[in-house]
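Listed below, chain by chain, are the residues.
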Amino acid sequence: MRSLRACLGAAAAVTLAAAGATALVANSASGATTALGNRWYAAAPYLMPLDNDPPDPAAIMDATGLKAFQLAFVLAPNGGGCSPTWDGTAPVSSDTAVQSVINTIRAKGGDVSVSIGGYGGTKLGQACSDPASTAAAYQQVITKYGLHAIDFDLEEPEYENTAAIHNEIGAAKILQQNNPGLYVSVTTAGTADGTGWFGKQMLLEAKSQGFTPNNFSIMPFDGGFNGAASQTSALTNFNSILQSTFGWDQATAYAHEGFSGMNGRSDTGEIFTQADFQTVLDYATSHHMDRFTFWSLNRDRQCNPPDNGGRTSGTCSSVAQNPWAFAAYSVKFAGATPPSTPPTTPPAPTPTPTPASCKTAWSSSTAYTAGNEVSYGKHNWKAKWWTQNEVPGASQWGPWQDEGAC
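Residues numbered from 1 in each chain as written. Predicted model: local features only at pLDDT ≥ 70, side-chain atom pairs only at ≥ 80, totals over all residues. Heavy atoms only, no water.

Q: Looking at this model, I keep getting lost on the overall build of the protein chain. Mind explaining?
A: Within the protein chain one finds 12 helices and 20 strands. In the protein chain, which comprises 406 residues, the proportion classed as buried is 56%. Here the analysis covers contacts within the protein chain between residues at least 6 apart in sequence; of these, 72% occur between residues at least 24 apart. By element, 52% of the accessible surface of the protein chain is carried by carbon and sulfur atoms, the whole surface being about 15,100 Å². (Helix = DSSP H or I, 4+ residues; strand = E, 2+ residues; numbered from the N terminus. Buried < 20%, exposed > 50% of the residue type's maximum accessible area, 1.4 Å probe, protein only. Contact = heavy atoms within 4.5 Å. Areas by Shrake-Rupley, 256 points an atom, 1.4 Å probe, with all protein chains shown as cover.)

Q: Could you clarify how one ought to interpret the state of the cysteines in this entry?
A: Think of a disulfide as a covalent bridge from one cysteine sulfur atom to another cysteine sulfur atom. What the rule picks out here adds up to three disulfides. Two residues share a disulfide in this structure: Cys303 and Cys316, whose sulfurs sit 2.1 Å from each other. Where Cys303 bonds to Cys316 through sulfur, the torsion about that S-S bond is close to 90 degrees, and the disulfide is right-handed. One end of the pair, Cys303, is in the loop between strand S15 (291-295) and helix H12 (327-334); the other, Cys316, is in the loop between S15 and H12, and 13 residues separate them in sequence. (Disulfide = S-S within 2.5 Å.)

Q: What exactly am I supposed to notice about the sheet that holds strand S20 (residues 400-405) here?
A: Here three strands make up an open sheet; going across it, the order is S17-S18-S20 and the pairing antiparallel. The sheet terminates laterally at strand S17 (373-376) and S20, the two strands that pair on one side only. The mean inter-strand angle of the sheet, taken between neighbouring strand axes irrespective of direction, is 30 degrees. Here four bridges tie S17 to strand S18 (residues 379-383), and the two strands are oriented antiparallel to one another. Residue pairing for S18: Tyr376 is matched across the bridge by His379. (Pairing = 2+ DSSP bridges. Axes fitted to C-alpha atoms, helices over the stretch in contact; angles between N-to-C directions.)

Q: What is the right way to read the pattern of salt bridges from this model?
A: Where side chains of opposite charge bring their charged atoms close, a pairing between them can arise. Across all of its chains, the model carries six salt bridges by this definition. Of the charged contacts, one joins Arg106 and Asp111 as a salt bridge, the two residues approaching to 2.8 Å between their closest N and O atoms. For the pair formed by Arg106 and Asp111, the shared burial category is buried. Lys359 serves as the salt-bridge partner of Glu373, at 3.7 Å between the closest nitrogen and oxygen. Of this pair, Glu373 sits in strand S17 while Lys359 sits in the loop between H12 and strand S16 (367-368), and the two are 14 residues apart along the sequence. By relative accessible area, Glu373 is classed as partly exposed at 33%. Judged by its relative accessible area of 35%, Lys359 is partly exposed. (Salt bridge = Lys/Arg side-chain N within 4 Å of Asp/Glu carboxyl O.)

Q: For this particular structure, what's the right way to read the packing of helix H7 (residues 162-178) against helix H8 (residues 197-209)?
A: What describes two packed helices is the angle between their axes and the distance between those same axes. Relative orientation of the contacting elements H7 and H8 amounts to 45 degrees, with a least axis distance of 10 Å. As summarised for this structure, H7 and H8 are arranged oblique, according to the angle between their axes. When the axes of H7 and H8 are compared, the crossing they make is right-handed. Counting all contacts with H7, which are made through Ile165, His166, Ile169, Gly170 and Lys173, the residues of H8 involved are Met202, Glu205, Ala206 and Gln209. (Parallel < 35°, antiparallel > 145°, perpendicular 65-115°, else oblique. Left-handed = near helix turned anticlockwise from the far one by under 90°.)

Q: Whenever I open this one, the environment of Ser93 confuses me. Can you help?
A: Checked against the element boundaries, Ser93 lands in the loop between strand S7 (90-91) and helix H4 (97-107). Sequence separation of Ser93 and Ser83 is 10 residues, and the distance between their C-alpha atoms is 8.8 Å.

Q: Would you mind showing me how to read the side chain of Gln209 here?
A: With respect to the helices and strands, the residue Gln209 is situated in helix H8. Reaching out from Gln209, the side chain makes a polar contact with the backbone nitrogen of Gly170 at a distance of 3.4 Å. Residue contacts for Gln209: discarding those within four places in its chain leaves His166, Ile169, Gly170 and Lys173. (Polar contact = N/O pair within 3.5 Å; in protein donor to acceptor, adjacent residues only side chain to side chain.)

Q: What is the right way to look at the pairing of S18 in this model?
A: The buried count for S18 comes to four of five residues, which makes it a mostly enclosed element. As consecutive antiparallel partners, S17 and S18 are separated by two residues, and within that stretch Gly377 has a phi angle of approximately 60 degrees, a positive value. Two strands pair when backbone bridges link them, and S18 and S20 are joined in this way by four bridges, in the antiparallel orientation. By the bridge assignment for S20, Ala383 is matched with Trp400.

Q: Help me understand the pairing of strand S5 (residues 68-75), please; the structure alone is not making it clear to me.
A: The two faces of a sheet get side chains in turn, since along a regular strand they alternate between them. Counting buried positions along S5 yields eight of eight residues, so the element is predominantly enclosed. In this sheet, S5 lies alongside strand S4 (residues 46-47) in parallel orientation, the contact comprising two bridges. Bridging from a neighbouring strand, Tyr46 pairs with Gln70 of S5. You can see the chain leave S4, run along helix H3 (residues 57-64) and come back into S5, and the turn it takes is right-handed. (Right-handed = clockwise from strand over helix to strand, strands pointing away.)

Q: Looking at this model, I keep getting lost on unusual backbone geometry. Mind explaining?
A: The general pattern is negative phi for most residues beyond glycine and trans for most peptide bonds. In this chain, Ala72 is followed by Phe73 through a cis amide linkage whose omega measures -5 degrees. If you trace the backbone, Phe73 turns up in strand S5. Cis geometry is adopted by the peptide bond preceding Pro157, which originates at Glu156 and carries an omega value of -10 degrees. Summarising the element assignment, Pro157 is placed in the loop between strand S9 (149-153) and H7.

Quick look at the structure:
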């Protein structure tokens, strides 16, 4: 059932981080870089820089205000060995292609996290002999790229291997200790109950090793989910698992919990729309969760021609959308407001402070796109991006721009 995810590279991600870091300077072969706030690494969507028709990260940054990207995936070499490669084929030690992508992002004021693991391929936790050698392999990645965040994807089939999970969790703990301020999170598969037996065993391994990342994230998709309600239910159940495993109260568990979704059509045919993302985002922010991310930016564009959800693709979402529409939710989670229009579009005329008349009244059942105008509360409002059932003026980070009294 998940073979298509292997082809697409879709991953449950593990972003390992030390809580509370605000700024860090890392000296490496790639030069000195200053860390973003942790909220950006927590919001970073996945991007495959070498596969699945990689989009231009600079264009995404310009269009949405996004600053952080989760680059995927670092694996063991396909031919065997305990050294890091991109997708099992391109050694990190000699890489220039991904470094160029990172340089582009950093030149525009952004940064990256690197995701290790994913579905398919051989993981370093499987190939290396113990936690120390596994950590040494990952340290090469951190040092080469001057990383402030790293993402561990622990899911099928690796998380069924107890020795491999022992190595991965042990390596995560070592990296956290040896790289003060490193943002660390662990992501695993999601189920209706929160996570399955192997996910729970992974949590117990973390507890036994005394390892606490910034968050444990679940991927509530590819498991019979049906929209946002089923996802938020899984997040609630996962919170209970975190409480019972680590002895945390509810608030502490939410502060160490994350969501990793899949935009559009999932591998098993589930559909997650922009409205679903908004619902889960509202849940994550209202419960003060630590992470909100998705797979992937390579898919954050409408298929051409549109296929109305008929197939799952690694390069488009299979739902109606504007380019990078799902990235806007990551930007909102990070606390920034996406630009109302991409910079390639001429700016709209400055609204008249007091319109001569009120626009058509806002309706909770109508879907609006960027530029649509409505009236609400004796003011006119303009949509900054796609929205539905979001009351104008309800939030300063909301989708509506106040155009003044009418």
